[in-house]
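Descriptive analysis of the structure
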Amino acid sequence: NRGPRNQHNATKEEKVRRAMELLQRHFDVVLLSDYKRFTEIILKVTGWNPVGMPHTNVFKGELNFTERELNKIKTLTEANGDVLLIDAVKHIYYGHLDYLLV
């Protein structure tokens, strides 16, 4: 991926709107967490047998971050619109904050 990441200078709000549009148009299921529960439901509904997936190429060490590194990650994810995207997915697919609309 050598090309520019944001060649049209889209704002983070525009990128989130487009991402949500693509999710709704092309995906039937969107998950943020609780994959184990989802797997159990799918296996129960379909009658399929679980197939184990080996965990290879997994870092088994300890990750240590400095406060400066964590602040940089937080700043970058907010600037990129990642936080807005997660909030939008929670709202659309999980009813997150629906109580505010009543």
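This part is about the packing of helix H1 (residues 12-26) against helix H4 (residues 82-94). The N-to-C vectors of H1 and H4 enclose an angle of 40 degrees; their axes lie 10 Å apart at closest approach. Relative to H4, H1 is oriented oblique. Considering the relative orientation of H1 and H4, their crossing is right-handed. Across the interface between the two elements, Lys 12, Glu 13, Val 16, Ala 19, Met 20, Leu 23 and Gln 24 of H1 pack against Leu 84, Leu 85, Ala 88, Val 89, Ile 92 and Tyr 93 of H4. Within the contact of H1 with H4, the residues separate by chemical class into 10 nonpolar, one polar and two charged.

In this structure, Gln 24 sits in helix H1. Using a relative accessible area of 46% as the deciding quantity, one classes Gln 24 as partly exposed. With sequence-adjacent residues up to four places away left out, Gln 24 is seen in contact with Ile 92 and Tyr 93.

The subject of this paragraph is the pattern of salt bridges. Using the criterion set out here, one finds four salt bridges in the structure. Measuring nitrogen to oxygen at the nearest pair gives 2.8 Å for the salt bridge that ties Arg 18 to Glu 21. One end of the pair, Arg 18, and the other, Glu 21, are both in helix H1, three residues apart, so they sit about a helical turn from each other. Residue Glu 21 is classed as partly exposed on the basis of its relative accessible area of 25%. Through salt bridges that share partners, Arg 17, Arg 18, Glu 21 and Arg 25 make up one connected network.

It is worth spelling out H1 at this point. Between its first and last C-alpha atoms H1 spans 21 Å; for 15 residues at 1.5 Å apiece the expected length is 21 Å, and the two agree. Within the sequence span of H1, burial applies to Val 16, Met 20 and Leu 23. Viewed along the axis of H1, the buried residues span an arc of 60 degrees, placing them on a single side of the element. Relative to its buried face, H1 has exposed residues pointing more than 90 degrees away, namely Arg 25 and His 26.

Turning our eyes to something else, we now look at H4. Across its 13 residues, H4 extends 17 Å between first and last C-alpha, which sits within 8% of the 18 Å expected from 1.5 Å per residue. Where H4 ends, the next residue or the one after it, Gly 95, has phi of about 70 degrees, a positive value.

Turning our attention to unusual backbone geometry. In this structure, Asp 34 takes a positive phi of about 60 degrees despite not being glycine. Its location among the elements puts Asp 34 in the loop between H1 and helix H2 (35-46). Relative accessible area serves as the criterion here: at 46%, Asp 34 is assigned to the partly exposed category. The backbone phi angle of Asn 57 is positive, close to 55 degrees, even though this residue is not glycine. Within the fold, Asn 57 resides in the loop between H2 and helix H3 (67-80).

The rules behind the values
- Residues numbered from 1 in each chain as written.
- Predicted model: local features only at pLDDT ≥ 70, side-chain atom pairs only at ≥ 80, totals over all residues.
- Heavy atoms only, no water.
- Axes fitted to C-alpha atoms, helices over the stretch in contact; angles between N-to-C directions.
- Helix = DSSP H or I, 4+ residues; strand = E, 2+ residues; numbered from the N terminus.
- Parallel < 35°, antiparallel > 145°, perpendicular 65-115°, else oblique.
- Left-handed = near helix turned anticlockwise from the far one by under 90°.
- Contact = heavy atoms within 4.5 Å.
- Nonpolar A, V, L, I, M, F, W, Y, C, P; charged D, E, K, R; others polar.
- Buried < 20%, exposed > 50% of the residue type's maximum accessible area, 1.4 Å probe, protein only.
- Salt bridge = Lys/Arg side-chain N within 4 Å of Asp/Glu carboxyl O.
- Expected span 1.5 Å × (residues − 1).
- Arc of directions from axis to C-beta.

Geometry only, nothing functional implied.
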